[in-house]
Each structure stands twice: as structure tokens, then as C-alpha cells.
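# Observations on the model geometry
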Amino acid sequence: MENRRLVVAREDEQDDRTKTFIFKGEGHTLGNALRTLILKNPDVIFCGYTIPHPSENKLHLRIETKEMSAVDALREGLEQLQSLSDHVLETFETAVSDFKSKQMEV
């Protein structure tokens with residue numbers, strides 16, 4: 001895997017609709033969030049993840065789709081997770097700012 005943070009296991013698979021992706025340096029936090037978002041795609045048949053061993057710092061994410069490529073399903077899931085994370089951060093920062101403003105008034 002060298003220095004790449006994401007690789008495709010068994011890249012020689014002919015079917016683009018079935019892939020296993022290996023994320024180096026990731027765990028349950030990313031795995032569960034991605035799995036949840038990817039499974040909302042109606043073209044996705046299966047999406048699951050495993051952590052091969054607690055001492056290994058990597059995540060295996062398996063995606064199987066009907067028509068679209070597994071890479072496209074992963075890309076959409078990552079984009080949705082980024083959008084969701086941006087929204088949560090913006091909402092949190094606004095709430096903190098509002099709280100601090102109210103504290104200054106007291």
C-alpha cells in the first residue's frame with residue numbers, strides 16, 4: 001500500500017460494480033458514516049466495512065452496485081459526507097458564536 005491512503009483491493013476484478021477499497025489510517029468513524037450514506041443510494045446493493053484486526057490501522061469498505069461503478073458510489077458517498085460535515089461544522093460554529101454573544105450581554 002506504500003504511502004497511498006486509499007487503494008482498491010484486487011484491482012484486476014473485471015466488474016466495476018463490485019470493489020473493495022482499503023483506507024489506510026481510518027477506522028469505525030469513517031467506515032460507519034460512509035456505509036450509512038452509501039447505502040442510501042438506490043443503485044447500491046451492498047455496502048459494508050470491516051477492520052481486519054485491531055492492531056492494523058486500516059478499513060476495508062466493500063461496495064456492490066446494480067448499474068453505476070463502485071468507484072462512483074464511493075465518490076458520491078465521500079462528497080455527501082463532506083457536505084454533511086461542513087454543515088455540522090457551520091452549525092456548531094454559529095451556535096458557539098451565539099452562545100458567546102449572549103454571555104457577553106450578561
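Residues numbered from 1 in each chain as written. Predicted model: local features only at pLDDT ≥ 70, side-chain atom pairs only at ≥ 80, totals over all residues. Heavy atoms only, no water.

As recorded in an unreviewed UniProt entry, the protein goes by the name DNA-directed RNA polymerases I and III subunit RPAC2, listed as coming from Daphnia magna. What the UniProt record of the protein gives under Subcellular location (unreviewed entry) is the line "Nucleus". (UniProt positions renumbered as here; feature names shortened; annotations may be inferred.)

Right, let's talk about helix α1 (residues 28–38) for a bit. By the burial criterion, the buried members of α1 are Leu30, Gly31, Leu34, Leu37 and Ile38. Relative to the axis of α1, the buried residues are bounded by an arc of 145° and lie together on one face. Residues of α1 that are exposed and angled more than 90 degrees away from the buried face: His28 and Thr29. Buried-residue contacts for α1 involve β2 (18–24), β3 (44–50), β4 (58–65) and α2 (70–105). (Buried < 20%, exposed > 50% of the residue type's maximum accessible area, 1.4 Å probe, protein only. Helix = DSSP H or I, 4+ residues; strand = E, 2+ residues; numbered from the N terminus. Arc of directions from axis to C-beta. Contact = heavy atoms within 4.5 Å.)

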